[in-house]
Amino acid sequence: MKKTNKIALVDCNNFYASCERVFNPKLNGRPIVVLSNNDGVIIARSDEAKQLGIKMGDPYFKVEKLIKQNNVAVFSSNYTLYGDLSARVMSVLEKFSPEVEIYSIDEAFLNLTGIESSNQTEYLRNIRATIKKWLGLPVSIGLAPTKTLAKLANRIAKKNKEFDGVLNLFDYSNWDKFLEMVEVEDVWGVGRQYAALLHRNNIHTALDLARANQKWIKKRMTVVGLRTVLELNGISAIDLEHQPPAKKSIVSSRSFGEYLTKFDDVMEAVAFFVARASEKMRAQSSACRIMQVFIRTNPFKNSPQYYNAAEVHLPYPMNGTNELLPYAKQALQKIFRMGYYYQKVGVLLMDFVQTNTMMVSLFDPPNRINQIKATEIMDQINKKYGREAIYFAAAGMKERRRWQMKRQLLSQHFTTNWKDLPEVKA
DNA sequence: TCTGGGGTCCTAGGACCC
DNA sequence: TCTGGGGTCCTAGGACCC
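Everything in this summary refers to the structure shown in the same document. Not measured: the values here are computed from a predicted model.

## Quick notes on the layout of surface pockets
Okay, so step 1: Space inside the second largest pocket adds up to approximately 1,400 Å³.
Okay, so step 2: Along its surface, the second largest pocket is lined by 48 residues, and Cys-12, Asn-13, Asn-14, Lys-50 and Lys-158 are the ones closest to its centre.
Okay, so step 3: The set of elements that each furnish at least two residues to the lining of the second largest pocket consists of strand S1 (7–12), helix H1 (15–22), strand S3 (42–45), helix H2 (47–51), helix H5 (120–135), strand S7 (139–144) and helix H6 (147–159).
Okay, so step 4: Of all the elements, H6 adds the most residues to the lining of the second largest pocket, at eight residues.

Have a look at this one:
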């Protein structure tokens, strides 16, 4: 007989806000918010900040008054810090299960099917206590036979104090009351559009969705929606991904700290994004056959609007920053128009091949091997000494990038600090 | 003044082939 | 001029996730 799967979802509560608090105990009890890049909108809130009515996605300037009145601690997002703490959380989780799917920076699915434990719920509480003790981060945990139900259980555990952060569905014989507690738009896999469709058709809770007509669901929400319904009924339709598959596309893009109007300034940013995206691509041993460059004005601004993208089909798969740069410039030349206030550009790399299967082409430039070696060395140095210990001059001098985003409220880099290192330019 | 960044999957429809 | 089945590949668009 096939064993019932036992899938846990572990989720860090208010992750970015909690990270800021870990190294600054004075913030205990004080409301905290974390801002998006460019200090634009709120992307994370502590419980206290939520209680003040500050919403996810609120523009900072709109809630600034409320923030000042209530002595809210405000931080620019510090992804170096969050990434580092995330890695530590994940390595703790790996002690509790041989099969961990890192689902996002603050969430992981654990396969606990084979774990021997007389009291499964105690096991979950132990996971929670360990992360709290070792890292100072609060987490919630849901355990269920499918990923979608584990998400749902996790949500209930987080929202309802009486569960103390842990809900094991297997402790209950009838789950209807739990499914009824969750609005359909809060089910994993149901977004804004589908939620509206479902409400129009009298499907309001997770329980309604679980009992919905499956033919109708498939017709209106494709097989993806059908999988959600199956999973709500305890039938596994979304597998745990043990080995994260290599990315099929990699994008690097950012809004500027100030609007740009000149080609050279924009090109500097493009060069930076080519460097960032290709570095990620090399880290997964890929090379791309297609590169896209896109550019746009600020759609919220009442000024002439422009959006365009250019795709370059490369003559052979590439992954070196230096070999991609000329093509990026060509692409930008195709779409750049004078007379606009540009707010954002980006670089998208796609159509990958694995570098170990890359063919050496007769048409490769003769010095290509040397270039590849130089790139490898650069990546190694940057990995060791921190991002941009070495970088291409085309991306502009670090200290005077006009496009660099604003991060005026950045916390210190508690876990990594490279600022005393000498700078080398490539 | 001020509105994030980085991804995936699925489907429909068109081009093209036999 | 109208009319077929069946297959593949590609792209754009729409939905979703954190």
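Back to the text.
## Focus on the environment of Glu-231
Okay, so step 1: Mapped onto the elements, Glu-231 comes out in helix H10 (residues 214–232).
Okay, so step 2: Between the C-alpha atoms of Glu-231 and Asn-119, which are 112 residues apart in sequence, the distance is 24 Å.
Okay, so step 3: Discounting chain neighbours no more than four positions away, the residues touching Glu-231 are Thr-146, Lys-147, Thr-148, Leu-149, Ser-236, Ala-237 and Ile-238.

## Overview of empty space enclosed by the protein
Okay, so step 1: Under the defined criterion, the tally for this structure stands at one cavity of 30 Å³ or more.
Okay, so step 2: Roughly 100 Å³ of internal volume is contained in the largest cavity.
Okay, so step 3: For the largest cavity, the lining is made up of 13 residues, of which Ala-275, Glu-279, Asn-382, Glu-388 and Ile-390 are closest to its centre.
Okay, so step 4: If you list the elements that add at least two residues to the lining of the largest cavity, you get helix H11 (263–283) and helix H13 (368–385).
Okay, so step 5: Class assignment of the residues belonging to the lining of the largest cavity gives a composition of six nonpolar, two polar and five charged.

## Let's talk about the protein's contact with DNA strand B
Okay, so step 1: Close to DNA strand B lie 23 residues, the nearest being Asn-37, Val-251, Ser-253, Arg-254 and Ser-255.
Okay, so step 2: In DNA strand B, atoms within 4 Å of the protein come from the sugar-phosphate backbone in 80% of cases.
Okay, so step 3: The side chain of Arg-227 places a nitrogen or oxygen atom 2.9 Å from a phosphate oxygen of DNA strand B.
Okay, so step 4: Put simply, the parts of the chain that give the surface near DNA strand B at least two residues each are H10 and strand S9 (249–260).
Okay, so step 5: When residues in the surface near DNA strand B are grouped by element, the largest group, eight residues, is from S9.

## Re the packing of helix H4 (residues 79–93) against H5
Okay, so step 1: In the contact formed by H4 and H5, the axes pass within 10 Å of each other and the chain directions differ by 140 degrees. Between H4 and H5, the crossing angle belongs to the class labelled oblique. Every pair of crossing elements has a handedness; the one defined by H4 and H5 is right-handed. Judged by residue contacts, Arg-88, Val-89, Val-92 and Leu-93 of H4 engage Ile-127, Thr-130, Ile-131, Trp-134 and Leu-135 from H5.
Okay, so step 2: Looking at the contact of H4 with H5 residue by residue, the classes come out as seven nonpolar, one polar and one charged.

## Focus: unusual backbone geometry
Peptide bonds are mostly trans, and most non-glycine residues show a negative phi.
Okay, so step 1: A positive phi angle is found at Asn-71, which is not glycine, with a value near 55 degrees.
Okay, so step 2: If you trace the backbone, Asn-71 turns up in the loop between helix H3 (60–69) and strand S4 (73–76).
Okay, so step 3: The phi dihedral of Asn-202 falls on the positive side, at around 70 degrees, and the residue is not glycine.
Okay, so step 4: Considering the arrangement of structural elements, one finds Asn-202 in the loop between helix H8 (192–200) and helix H9 (206–210).

## So, the pattern of salt bridges
Okay, so step 1: Under the criterion given, the structure shown has 12 salt bridges.
Okay, so step 2: Here Lys-147 makes a salt bridge to Glu-101, at a shortest N to O gap of 2.8 Å. You can see Lys-147 sitting in helix H6 and its partner Glu-101 sitting in strand S5 (residues 100–104), a full 46 residues away along the chain. Taken as a pair, Lys-147 and Glu-101 share a single burial class, namely buried.
Okay, so step 3: Between Arg-289 and Asp-351 there is a salt bridge, with its nearest N and O atoms 3.3 Å apart. With Arg-289 in strand S10 (residues 286–297) and Asp-351 in strand S12 (residues 342–354), the pair connects residues that are 62 residues apart, well separated along the chain.
Okay, so step 4: Accessibility expressed as a relative area gives 35% for Arg-289, which makes it partly exposed.

## Let's talk about the side chain of Thr-228
Okay, so step 1: Topologically, Thr-228 is positioned in helix H10.
Okay, so step 2: Owing to a relative accessible area of 4%, Thr-228 belongs among the buried residues under this scheme.
Okay, so step 3: In contact with Thr-228, not counting residues within four places along its chain, are Thr-148, Val-187, Trp-188, Gly-189 and Leu-209.

## Here we look at the side chain of Thr-130
Okay, so step 1: The residue Thr-130 is located in helix H5 in this model.
Okay, so step 2: Residue classification places Thr-130 among the buried residues on the basis of a relative accessible area of 11%.
Okay, so step 3: There is a polar contact of 2.6 Å between the side chain of Thr-130 and the backbone oxygen of Asn-126.
Okay, so step 4: Ignoring anything within four residues of it in the chain, the contact list for Thr-130 reads Val-92, Phe-96 and Leu-135.

## Concerning H3
Okay, so step 1: Listing the buried residues of H3 in full gives Tyr-60, Val-63 and Ile-67. Take H3 and look down its axis: the buried residues cluster within an arc of 85 degrees, on one side only. Turned more than 90 degrees off the buried face of H3, the exposed positions are Phe-61, Lys-62, Lys-65, Lys-68 and Gln-69.
Okay, so step 2: Of the residues trailing H3, Asn-71 is marked for its positive phi of about 55 degrees.

The rules behind the values
- In this convention, every chain numbers its residues from 1, walking through the sequence in written order.
- As a convention, the first chain written is A and the first ligand written is 1, with the rest following in written order.
- Per-residue local features of the predicted model are confined to residues with pLDDT of at least 70, and side-chain atom pairs are confined, for both listing and counting, to 80 or more; whole-chain, interface and lining totals are unaffected and use all residues.
- In computing side-chain values, all of the structure's heavy atoms are included and hydrogens and water are not.
- With a 1 Å grid laid over protein atoms only, a set of points is called a cavity when a 1.4 Å probe fits there but cannot get out and a pocket when it is open yet has protein on both sides within 12 Å along at least five of seven lines; lining residues have an atom within 4 Å of a point.
- Grid points are joined across faces, edges and corners, and a volume is the space filled by probe spheres set on the points.
- Where helices and strands are cited, they refer to DSSP runs of H or I of at least four residues and of E of at least two residues respectively, numbered from the N terminus.
- By definition in these notes, contact holds between two residues if any of their heavy atoms fall within 4.5 Å.
- Classification used: nonpolar for Ala, Val, Leu, Ile, Met, Phe, Trp, Tyr, Cys and Pro, charged for Asp, Glu, Lys and Arg, polar for all others including Gly.
- Here a residue is considered near a molecule or strand provided that any single heavy atom belonging to it is located within 4 Å of it.
- Pairs of N or O atoms are called polar contacts if they sit within 3.5 Å, as long as, within protein, a hydrogen donor faces a hydrogen acceptor (for residues adjacent in sequence, only side-chain-to-side-chain pairs).
- A fitted line through C-alpha atoms serves as each axis, taken over the contacting stretch for helices, and the angle formed by two N-to-C directions is quoted from 0 to 180°.
- Any angle that falls under 35 degrees is termed roughly parallel, while one over 145 is termed roughly antiparallel, one within 65 to 115 roughly perpendicular, and all others oblique.
- Throughout, a crossing is termed right-handed when the near helix is turned clockwise from the far one, and left-handed when it is turned anticlockwise from it by less than a right angle.
- Within this document, salt bridges are pairs made up of a side-chain nitrogen of Lys or Arg and a carboxyl oxygen of Asp or Glu, the two lying within 4 Å of each other.
- Using a 1.4 Å probe on the protein chains alone, a residue whose accessible area is under 20% of its type maximum counts as buried, one over 50% counts as exposed, and one in between counts as partly exposed.
- In this context, the arc is that of the directions from the helix axis out to the C-beta atoms.

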